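Here's the letter readout for the chains.
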Amino acid sequence: MLQPAKMLQEGDGLLVVDVQNDFCPGGTLAIEGGDEVVPVLNSWIQAARERGLPVYLSRDWHPKGHPSFSPQQGPWPVHCLQDTEGAAFHPDLMVPEGSVVVTKGVRFDQDQLSVFDETGFSAKLRRDGVRRLWIGGLALDVCVMESAMDARREGFEVCLLLPACRPVTREGGEKALDRLRRMGAEVIN
Ligand code: VGL
Ligand code: ZN
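To keep things clear, this report deals only with the structure shown in the data block.

What counts as what
Residues numbered from 1 in each chain as written. Chains lettered and ligands numbered in written order. Predicted model: local features only at pLDDT ≥ 70, side-chain atom pairs only at ≥ 80, totals over all residues. Heavy atoms only, no water. Core = buried A, V, L, I, M, F, W, Y, C linked by side-chain atoms within 4.5 Å. Buried < 20%, exposed > 50% of the residue type's maximum accessible area, 1.4 Å probe, protein only. Helix = DSSP H or I, 4+ residues; strand = E, 2+ residues; numbered from the N terminus. Contact = heavy atoms within 4.5 Å. 1 Å grid on protein atoms, 1.4 Å probe; cavity = no way out; pocket = protein on both sides within 12 Å on 5 of 7 lines; lining within 4 Å. Points joined across faces, edges and corners; volume = space filled by probe spheres on them. Near = heavy atom within 4 Å. Polar contact = N/O pair within 3.5 Å; in protein donor to acceptor, adjacent residues only side chain to side chain. Areas by Shrake-Rupley, 256 points an atom, 1.4 Å probe, with all protein chains shown as cover. Sits in = over half its atoms within 2 Å of the grid points. Nonpolar A, V, L, I, M, F, W, Y, C, P; charged D, E, K, R; others polar. Donors = N, O, S within 2.8 Å, 3.2 Å for Na, K, Ca; no water. Tetrahedral: all angles 85-135°; square planar, octahedral: opposite > 155°, others 65-115°.

**Some thoughts on the nonpolar core**
- Counting residues in each nonpolar core, the largest one holds 58 residues, and the members touching the most others are Leu14, Phe121, Leu133, Ile135 and Leu160.
- For this core, the element with the most residues is helix 4 (residues 140–153), which contributes eight residues.
- Apart from residues no more than four positions distant in its own chain, Leu133 is found in contact with Gly13, Leu14, Leu15, Phe116, Phe121, Leu125, Ala151, Glu157, Val158 and Cys159.

In structure tokens:
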């Protein structure tokens, strides 16, 4: 069992990726065990808040007719439509006061899988004094992977919280871990 309070330090930030209803059982792009990340992440969120460290929560937030949707010949079923229940954070996810929501997937012309893709997020992290990011959420092989790779490219240390992630596919998850390790991310079991 990980002990978040002992592992976090000054200069750390916590990034919770896309823990939204549509990615959890019952959602339109349901990931197996997606809801199981919630209690794990809550313990990290709580520990971060207690230490006064910043918490960032990203959300996939698509307009109707988004190019990533299958009716538009994209790869995914319709999901995370702006202002719908499916796009809401999982009801048990802690969203403490002072946490920062990062919205992505709003472009009309192309998808934004990474939290860093044209959001200004790296500038925000630097302004907040973050040097190391702890990352968990959904999906490991899609938005978590793309975000963690961009975090490395932007020069942040990355600790990937494996018990707080679930992949769309098992093979995808394995590949994501390989790629992230090769980019210098630390995978925490
Ligand atoms: C995601 C598929 C499509 C994710 C977002 O958050 O991992 N996956 N849009
Ligand atoms: Zn999406």
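Past the structure itself, the notes keep going.
**Thoughts on empty space enclosed by the protein**
- Taken as a whole and judged by the stated rule, the model has one cavity of 30 Å³ or more.
- Approximately 110 Å³ is the volume attributed to the largest cavity.
- Forming the walls of the largest cavity are 14 residues, and the residues nearest its centre are Phe23, Leu29, Trp76, Val142 and Cys143.

**Comments concerning the site of ligand 1**
- With respect to spatial proximity, the complete set of residues near ligand 1 consists of Asp18, Phe23, Leu29, Asp60, Trp76, His79, Leu138, Ala139, Val142 and Cys143.
- At 2.5 Å from an oxygen atom of ligand 1 is found a side-chain nitrogen or oxygen belonging to Asp18.
- Notes on ligand 1: free accessible area 260 Å², of which the protein chains cover 100%.
- Because more than half of its atoms lie within 2 Å of the grid, ligand 1 is assigned to the largest cavity.
- Of the residues belonging to the shell around ligand 1, the class tally is seven nonpolar, one polar and two charged.

**A word on the coordination of the zinc ion (ligand 2)**
- For the zinc ion (ligand 2), the full set of protein donor atoms is Asp60 (OD), His62 (NE2) and His79 (NE2), at a range of 2.0 to 2.2 Å.
- For the zinc ion (ligand 2), the four donor atoms in the first shell make angles of 85 to 172 degrees at the metal, so the coordination geometry reads as irregular.

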